[in-house]
Amino acid sequence: MNNPTSYLRLGALALFWGASFLLIKLGLEALSPTQIALARIVLGALTLLAICAVRGLRTALTLLAICAVRGLRIPGDRVLWRHVAVAAVFANALPWVLLAVGEQTVESGLAGVLNATTPLWTVLFGLLAGREALPPRRAAGLLLGFLGVLVIFAPWQGGGMLGWGVLACVAASASYGIGFVYTGRFITGRGTPPLALASMQLTAAIGFSVLALPLDGLRMVHWEPVALLAVLALGVVGTGIGFALNYRLIGDEGATTASTVTYVMPIFSVLLGWLLLGEQLPLRVILGMVVVLLGVALTHRKTPGAPALLTRAGRSFARASELYADLARNHPMK
């Protein structure tokens, strides 16, 4: 890495994002899934405001105000706002609610393992959207990754893990994939500054989370101190500070290097669930996680010496297959 401290930032980011599954599990003792999603977004936004203020942007009451102070204007293009709204649903509001729903019955470590399939879904949906041929290496990576998911589910066993909670966690990862591909196709690379895009998407995500509250978010909050502190940490540390660290890593090392956090996150989620909640994952699940991560590595590794990749279609596919890394530039939170 170019900056030695990037190793520390990468480790901290993996810890913060890996711990988010533990914090969600704890937060469910006090809040409903939609309440957790809304609290996470709002607390993350406030944290980002504070970070920006420390960097020299004095009083700012909203992300829009920050953009104005920094000379960035939020576009008024209705078409762009519609695209941002769609991305906010699939890449923020929906997956965060689904993860919280899933963790009502799924252990936090397993949720972190299933979240590691996000790059696979991103590549798959990128291929479907681009209608491009699949290079052999990435084809092998996709097959290997989804084979790992099959190993985790173990449908051949009567007591397999396939249930509504697991399906909700998988659906959250697939939703991330759709959101990333949609953002890359319709939003990024069109001249709008990344911070402005992040502000727009975060604003839209807050709106959708508020709209989702009638589903299960109108119940009374249980005043459990540990659970409420967990939600506070999820929003401030896992979301706000995590995004700031990710943005710094991208600036120092590039999006591809920053995306290696994907390989370390599930390790922290499994370890924290085991140490603090006493969760026990079968050896089969650990093996499946390793297979999934190997598949992810193959899908993100460039195929050397392939002339077809020099064509326009090949370059388009290569760009689609790395959306998971590149879109961190414009994405407020994961």
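Quick caveat, the model's predicted, so the values are computed rather than measured.

Draft legend 1. Representation of the overall build of the protein within the structure. If you tally the helices and strands in the protein, you get 15 helices and zero strands. A fraction of 87% describes how many contacts in the protein between residues 6 or more apart in sequence connect residues 24 or more apart. Approximately 15200 Å² of the protein is accessible, and the part contributed by carbon and sulfur atoms is 69%.

Draft legend 2. Summary view of helix H7 (residues 136-153). Helix length check: H7 (18 residues) gives 26 Å between terminal C-alpha atoms against 26 Å at 1.5 Å per residue, within 8%. Taken together, the buried positions of H7 are occupied by Arg 138, Gly 141, Leu 142, Gly 145, Gly 148, Val 149, Val 151, Ile 152 and Phe 153. Just downstream of H7 lies Ala 154, where phi reads positive at about 50°.

Draft legend 3. Up close: the nonpolar core. By size, the foremost hydrophobic cluster in this structure holds 63 residues, and its most contacted members are Leu 99, Leu 110, Leu 114, Ile 152, Phe 153, Val 166 and Val 261. In terms of nonpolar packing, the next biggest core, distinct from the first, is built from six residues, Leu 80, Ala 87, Tyr 182 and Ile 187 among them.

Draft legend 4. Inspection of helix H5 (residues 108-115) at higher detail. Within H5, eight of the eight residues are buried, leaving the element largely enclosed by the surrounding structure. Turning to H5, its buried residues are Ser 108, Gly 109, Leu 110, Ala 111, Gly 112, Val 113, Leu 114 and Asn 115.

Draft legend 5. Seen up close, the packing of aromatic side chains. Counted under the stated rule, the structure contains four aromatic pairs. Note on Tyr 176 and Phe 180: the rings are 6.1 Å apart at their centroids and 20° apart in plane angle, and the pair reads as stacked. With Tyr 176 and Phe 180 both in helix H8 (residues 164-186) and four residues apart, the pair spans about one turn of that helix. For the pair Tyr 176 and Phe 180, one class covers both residues: buried. Between Tyr 182 and Phe 186, the aromatic rings sit 4.6 Å apart at their centres with planes inclined by 40°, giving tilted as the arrangement. In this pair, Tyr 182 and Phe 186 both sit in helix H8, four residues apart, roughly one turn of the helix. The rings of Trp 121, Phe 125 and Phe 146 are connected pair by pair, giving a single aromatic cluster. One Lys or Arg, Arg 40, reaches over the ring of Trp 96 and ends 4.2 Å from the middle of that ring.

Draft legend 6. Region of the structure containing the packing of H5 against H8. Contact geometry of H5 with H8 gives a least axis separation of 9 Å together with a crossing angle of 35°. In terms of crossing hand, the pair formed by H5 and H8 is right-handed. Between H5 and H8, the contacting residues are Leu 110, Ala 111, Leu 114 and Asn 115 on the first element and Val 166, Cys 169, Val 170, Ser 173 and Tyr 176 on the second. Taken together, the residues of the contact of H5 with H8 sort by class into seven nonpolar, two polar and no charged.

Draft legend 7. Local environment of the side chain of Ser 269. Here Ser 269 lies in helix H12 (residues 261-277). Not counting residues within four places of it along the chain, the set of residues in contact with Ser 269 comprises Gly 18, Phe 21, Ser 108, Gly 109, Gly 112 and Val 113.

Draft legend 8. The side chain of Arg 9, seen in detail. Counting through the fold element by element, Arg 9 comes out in helix H1 (residues 5-27). When neighbours within four sequence positions are excluded, Arg 9 is seen to be in contact with Asn 3, Leu 245, Arg 248, Leu 249 and Asp 252.

Draft legend 9. Fine view of a nonpolar patch on the surface. A grouping of Val 264, Ile 267, Leu 271, Trp 274, Leu 275, Leu 276 and Leu 277 is seen on the molecular surface, where their side chains present a nonpolar patch of about 640 Å² in accessible area. One can find Leu 271 in helix H12.

Draft legend 10. Looking closely at the packing of H1 against H5. Following both chains from N to C, one finds H1 and H5 inclined at 135°, their axes separated by 8 Å at the closest point. Considering the angle they form, H1 stands oblique to H5. The two elements H1 and H5 cross, and the hand of that crossing is right-handed. Across from Phe 21, Leu 22 and Lys 25 in H1, the residues of H5 making contact are Ser 108, Ala 111, Gly 112 and Asn 115. A per-class count over the contact of H1 with H5 returns three nonpolar, three polar and one charged.

Rules used throughout
Residues numbered from 1 in each chain as written. Predicted model: local features only at pLDDT ≥ 70, side-chain atom pairs only at ≥ 80, totals over all residues. Heavy atoms only, no water. Helix = DSSP H or I, 4+ residues; strand = E, 2+ residues; numbered from the N terminus. Contact = heavy atoms within 4.5 Å. Areas by Shrake-Rupley, 256 points an atom, 1.4 Å probe, with all protein chains shown as cover. Expected span 1.5 Å × (residues − 1). Buried < 20%, exposed > 50% of the residue type's maximum accessible area, 1.4 Å probe, protein only. Core = buried A, V, L, I, M, F, W, Y, C linked by side-chain atoms within 4.5 Å. Phe/Tyr/Trp six-rings, centres within 6.5 Å; stacked < 30°, edge-to-face > 60°. Lys NZ or Arg CZ within 6 Å of the ring centre and 35° of its normal. Axes fitted to C-alpha atoms, helices over the stretch in contact; angles between N-to-C directions. Left-handed = near helix turned anticlockwise from the far one by under 90°. Nonpolar A, V, L, I, M, F, W, Y, C, P; charged D, E, K, R; others polar. Patch = residues over 30% accessible without salt bridge, like charges linked within 9 Å, V, L, I, M, F, W, Y side chains within 5 Å. Salt bridge = Lys/Arg side-chain N within 4 Å of Asp/Glu carboxyl O. Parallel < 35°, antiparallel > 145°, perpendicular 65-115°, else oblique.

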